[in-house]
Amino acid sequence: MDDQKLSRMDPRVGNATSVDSMDETNGTHVAQALRITAASSNPKMFTLPWEKPLSQWPKDYLANLPRGISRHVVRFVHVGEDVYAMKEITRSVGEREYELLRRLQKLELPTVTPIAVVTGRHTPDGQELEAILVTKHLKFSLPYRALFARNLRADTAERLIDALAVLMVRLHLVGFYWGDVSLSNVLFLRDADSFAAFLVDAETGDLHPRLTDGQREYDIDLARTNIIGELMDLNSGNLLPADVDEVAVGDRLVERYQSLWGALTDVDSFNPNEMWKIEQRVNKLNDLGFDVDELEMKTAVDGNRVLVRPRVVDAGYASRKLLRLTGLDVQENQARRLLNDLDAYRASTWRQGEDLEIVATDWMREIFEPTVRMIPAEYRSQIEPAQFFHEILTDRWYLAEKAGHDIPMGDAVESYIEHVLPKYKIDEAAMKDINEEAESGVIDDEASYGDDNLDDDPDAAVWAS
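Now for a quick tour of the structure. All values reported here derive from a predicted model rather than from experimental measurement.

Topic: the overall build of the protein chain
Then, number 1: Counting secondary structure elements, the protein chain contains 13 helices and twelve strands.
Then, number 2: Within the span of the protein chain, comprising 465 residues, buried residues form 49% of the whole.
Then, number 3: Looking at the protein chain alone, contacts between residues at least 24 apart form 66% of all its contacts between residues at least 6 apart.
Then, number 4: Counting every atom, the protein chain has about 22900 Å² of accessible surface; 48% of that belongs to carbon and sulfur.

Now the structure itself:
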């Protein structure tokens with residue numbers, strides 16, 4: 001990214017680590033031994049079998065998690081206590097994607113976390129191997145095909161599309177041109193009754209000071225086309241509910257995107273005596289999950305109207321409030337549900353006049369923590385505590401409605417664990433099918449690894465920056 005372009009972007013972008021494996025004397029790539037450029041240090045990284053093609057790594061290193069369809073070989077790997085996603089890719093693309101993900105992380109956007117890019121890999125007999133991009137596995141997340149392998153609600157496709165529309169708007173607001181929008185390039189986290197979408201593949205993306213309407217429209221049109229095709233593919237595999245109209249779902253993405261983009265960027269025109277509408281506009285954005293950090297207000301040419309446009313918006317209105325009160329870092333809709341329960345607790349204990357921070361501390365100790373401690377050990381890697389709590393509240397309401405009286409929290413938890421929680425498990429046969437299908441999209445599994453055709457540099461050192 002050139003300095004002039006970088007200077008017109010959010011200052012946080014400039015703080016991201018830059019990857020440079022070019023020879024400073026002549027601007028060409030130089031031969032190198034194994035090199036790990038890492039955003040964080042994990043000594044276990046140096047013990048991995050980098051000298052083997054990723055598809056041949058021993059099973060002892062691998063985590064059995066569902067993978068999405070990718071053009072490249074991808075594996076989930078245990079690295080100490082962490083699980084990392086490894087993607088085998090050409091060096092230039094890997095370094096560029098690593099740097100781009102770092103920049104997006106600095107902008108606090110929902111993406112996978114970049115850990116490292118590993119270059120200079122060779123087999124013991126000297127054959128050159130592709131680079132590996134390392135990202136942190138997004139805990140509790142699933143690719144869309146794994147979600148449809150479970151018994152989900154009929155409106156799951158629409159809820160995924162809504163999450164993708166929010167992700168696209170957030171990325172476009174900061175100037176990120178995606179270039180390959182699809183469900184396959186996203187991971188989904190449950191977020192109360194909705195989903196949250198995270199960018200997992202930035203290969204084709206680029207960051208600009210600002211996107212043109214043409215760039216945004218291309219991303220939207222490509223997203224619609226890809227999503228319709230992906231849903232038709234699900235339908236052919238009998239994974240899509242029969243009443244889902246693939247084209248209608250693709251159209252929904254366009255509608256949701258345009259509606260949200262308009263709410264965040266349109267200019268409102270008010271009479272000078274209607275300034276209360278400014279607060280109404282801000283409240284509407286808060287309801288959509290966005291904070292307004294700065295408003296641009298100016299008088300129209302005729303002097304009779306005030307023009308108002310949000311200048312700086314940021315997602316996470318409810319989640320930041322909950323984080324401040326409780327220290328819980330959760331998704332936006334989960335935060336809304338937890339804040340509602342906190343308000344209900346405050347009212348039921350007659351403490352409306354007490355500081356909310358103090359009430360929140362007691363709610364955590366008396367309500368939230370005892371509930372989430374009841375998550376069975378075998379499910380703790382499959383459901384987030386905040387999602388567990390939300391679903392308990394929902395199930396408890398249904399139980400109370402059926403019984404005609406309130407249900408103790410402990411009874412609701414036991415019922416949920418017995419009757420609802422098992423849906424989170426993916427059986428071994430389904431897991432095998434998902435990962436075999438993921439492999440079907442790989443185009444470089446048998447790559448020659450000779451694209452860069454570099455000589456070995458025996459003096460190059462293994463290092464991390």
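Examining the packing of aromatic side chains
What describes a pair of aromatic rings is the distance from one ring centre to the other and the angle between the planes of the rings.
Then, number 1: Using the criterion set out here, one finds ten aromatic pairs in the structure.
Then, number 2: Ring plane angle 10° and centroid distance 5.9 Å describe the contact between Tyr 257 and Trp 261, whose orientation is recorded as stacked. Remark: Trp 261 and Tyr 257 occur in helix 6 (residues 246–265); sequence separation between them is four residues, near one turn of the helix. Take Tyr 257 and Trp 261: they sit in the same class, and that class is buried.

Description of the sheet that holds strand 5 (residues 131–136)
Then, number 1: The five strands are arranged 1-4-5-3-2 in an open sheet whose pairing can be described as antiparallel. Every interior strand has two partners, whereas the edge strands, strand 1 (35–38) and strand 2 (74–79), have only one. On average, adjacent strands in this sheet sit at an angle of 25° to one another, irrespective of strand direction.
Then, number 2: Direction of pairing for strand 3 (residues 82–89) relative to strand 5: antiparallel, over a ladder of six bridges. Note that in strand 5 the partner of Ala 85 across the bridge is Thr 135.
Then, number 3: In the packing of helix 2 (residues 91–106) onto the sheet, contacts are made with strand 1, strand 3, strand 4 (113–119) and strand 5, and the angle to strand 4 comes to roughly 160°.

Side note on the pattern of salt bridges
Then, number 1: This structure, assessed with the given rule, holds 22 salt bridges.
Then, number 2: The closest approach of N and O atoms between Arg 103 and Glu 99, which form a salt bridge, is 2.6 Å. With Arg 103 and Glu 99 both in helix 2, this residue pair falls four residues apart, about one helical turn.
Then, number 3: Classification of Arg 103 by relative accessible area gives buried; the value is 5%.
Then, number 4: Classification of Glu 99 as buried rests on a relative accessible area of 13%.
Then, number 5: In this structure, the salt-bridge partner of Arg 351 is Glu 354, at a minimum N-O distance of 3.0 Å.
Then, number 6: Taken together, the shared-partner salt bridges in this structure form one network comprising Arg 71, Lys 87, Glu 97, Asp 180, Asp 201 and Glu 203.

Looking at a negative patch on the surface
Then, number 1: A contiguous patch of negative charge on the surface is contributed by Asp 427, Glu 428, Asp 433 and Glu 436.
Then, number 2: Note on placement: Glu 436 falls in helix 13 (residues 428–439).

Some remarks on the pairing of strand 2
Then, number 1: Extensive coverage of strand 2 is indicated by the burial of five of its six residues.
Then, number 2: The loop that links strand 2 with its antiparallel partner strand 3 comprises two residues; one of these, Gly 80, has a positive phi angle of about 65°.

Focus on helix 7 (residues 276–287)
Then, number 1: The end-to-end C-alpha distance of helix 7 is 17 Å, a good match for the 16 Å that twelve residues give at a rise of 1.5 Å each.
Then, number 2: Gly 289 lies just past helix 7 and shows a positive phi near 95°.

Concerning the packing of helix 4 (residues 156–173) against helix 6
Then, number 1: Running from N to C, helix 4 and helix 6 point in directions that differ by 40°, and their axes come no closer than 9 Å. Comparing the axis directions of helix 4 and helix 6 gives the class oblique. The two elements helix 4 and helix 6 meet at a crossing, and its hand is right-handed. The residues of helix 6 that touch helix 4, namely those facing Ala 157, Glu 158, Ile 161, Asp 162, Leu 164, Ala 165, Val 166, Met 168, Val 169, His 172 and Leu 173, are Val 249, Arg 252, Leu 253, Arg 256, Tyr 257, Leu 260, Trp 261, Leu 264 and Thr 265.
Then, number 2: Residue classes in the contact of helix 4 with helix 6 are distributed as 14 nonpolar, two polar and four charged.

What to know about the environment of Leu 62
Then, number 1: Within the secondary structure, Leu 62 is located in the loop between strand 1 and strand 2.
Then, number 2: Through-space distance from the C-alpha of Leu 62 to that of Val 77 is 4.5 Å; in sequence the pair is 15 residues apart.
Then, number 3: For Leu 62, the contacting residues outside a window of four places in its chain are Trp 57, Arg 75, Phe 76, Val 77 and His 78.

Looking at the nonpolar core
Then, number 1: Of all hydrophobic cores here, the largest spans 64 residues; its most connected members are Leu 164, Met 168, Phe 176, Trp 178 and Phe 188.
Then, number 2: Listing elements by their share of this core, those giving two or more residues are helix 2, helix 3 (144–148), helix 4, strand 7 (186–191), strand 8 (194–199), helix 5 (213–236), helix 6 and helix 13.
Then, number 3: The leading source of residues in this core is helix 4, at ten residues.
Then, number 4: If we ignore the near neighbours within four places in the chain, the residues touching Leu 164 are Trp 178, Val 181, Leu 183, Val 186, Ala 197, Ile 227 and Leu 253.

Considering the packing of helix 9 (residues 332–348) against helix 10 (residues 356–372)
Then, number 1: Remark: helix 9 packs on helix 10, axes separated minimally by 10 Å, with the N-to-C direction vectors making an angle of 100°. Judged on the interaxial angle alone, helix 10 and helix 9 are roughly perpendicular. Across the interface between the two elements, Leu 338, Asp 341, Leu 342, Tyr 345 and Arg 346 from helix 9 touch Leu 356, Val 359, Ala 360, Asp 362, Trp 363, Glu 366, Ile 367 and Phe 368 from helix 10.
Then, number 2: A class-by-class count of the residues in the contact of helix 9 with helix 10 yields nine nonpolar, no polar and four charged.

Let's talk about unusual backbone geometry
Then, number 1: Its identity is not glycine, yet Glu 108 carries a phi of approximately 60°, on the positive side.
Then, number 2: Mapped onto the elements of the fold, Glu 108 is located in the loop between helix 2 and strand 4.
Then, number 3: One non-glycine residue, Ala 192, lies in the positive phi region at around 60°.
Then, number 4: Within the element layout of this structure, Ala 192 appears in the loop between strand 7 and strand 8.

Quick notes on the side chain of Asn 185
Then, number 1: In this fold, Asn 185 is placed in the loop between strand 6 (176–177) and strand 7.
Then, number 2: We classify Asn 185 as buried; its relative accessible area is 7%.
Then, number 3: Of the polar contacts made by the side chain of Asn 185, one reaches the backbone oxygen of Asp 180; its length is 2.7 Å.

About the criteria used
- All residue numbers refer to positions counted from 1 along the written sequence of the respective chain.
- Since the coordinates come from a predicted model, pLDDT governs what is reported: local features require at least 70, and pairs of side-chain atoms require 80 or more to be given and counted, while whole-chain, interface and lining totals use all residues.
- Here the side-chain values reflect all heavy atoms present in the structure, with hydrogen atoms and water set aside.
- Secondary structure is summarised from DSSP: a helix means a run of H or I of at least four residues, a strand means a run of E of at least two, and numbering begins at the N terminus for each.
- Relative accessible area decides the class of each residue, using a 1.4 Å probe on protein chains only: under 20% of the type maximum gives buried, over 50% gives exposed, and in between gives partly exposed.
- Here, two residues are considered to be in contact whenever any of their heavy atoms come within 4.5 Å of each other.
- Note on areas: Shrake-Rupley, 1.4 Å probe, and residue coverage restricted to the protein chains presented here.
- Two aromatic rings, drawn from Phe, Tyr or Trp (for Trp, its six-membered ring), form a pair once their centres lie within 6.5 Å of each other, and the interplanar angle then sorts them: stacked below 30 degrees, edge-to-face above 60, tilted otherwise.
- Paired strands are those between which DSSP finds at least two bridges.
- The angle between two axes is taken between their N-to-C directions and runs from 0 to 180 degrees, where each axis is a line fitted to C-alpha atoms and a helix contributes only its stretch in contact.
- Every case where a carboxyl oxygen of Asp or Glu lies within 4 Å of a side-chain nitrogen of Lys or Arg is listed as a salt bridge.
- Candidates for patches are residues over 30% relative accessible area with no salt bridge; among them, like charges are joined within 9 Å and nonpolar side chains (Val, Leu, Ile, Met, Phe, Trp, Tyr) within 5 Å.
- When charges are counted, neither His nor the chain ends are considered; positive counts come from Lys and Arg and negative counts from Asp and Glu.
- Charge placement uses NZ in Lys and CZ in Arg. For Asp and Glu, CG and CD serve respectively.
- What a helix should span is 1.5 Å times the count of its residues minus one.
- For classification purposes, angles smaller than 35 degrees are called roughly parallel, those larger than 145 roughly antiparallel, those between 65 and 115 roughly perpendicular, and all remaining angles oblique.
- Each crossing gets its handedness from the near helix: less than a right angle anticlockwise from the far helix is left-handed, clockwise is right-handed.
- Three categories are distinguished: nonpolar for Ala, Val, Leu, Ile, Met, Phe, Trp, Tyr, Cys and Pro, charged for Asp, Glu, Lys and Arg, and polar for the others, with Gly belonging to the last.
- As used in this record, nonpolar core signifies buried Ala, Val, Leu, Ile, Met, Phe, Trp, Tyr and Cys residues forming a set joined through side-chain atoms within 4.5 Å.
- Two N or O atoms form a polar contact when they lie within 3.5 Å of each other; inside protein one atom must be a possible hydrogen donor and the other a possible acceptor, and for residues adjacent in sequence the pair counts only when both atoms belong to side chains.

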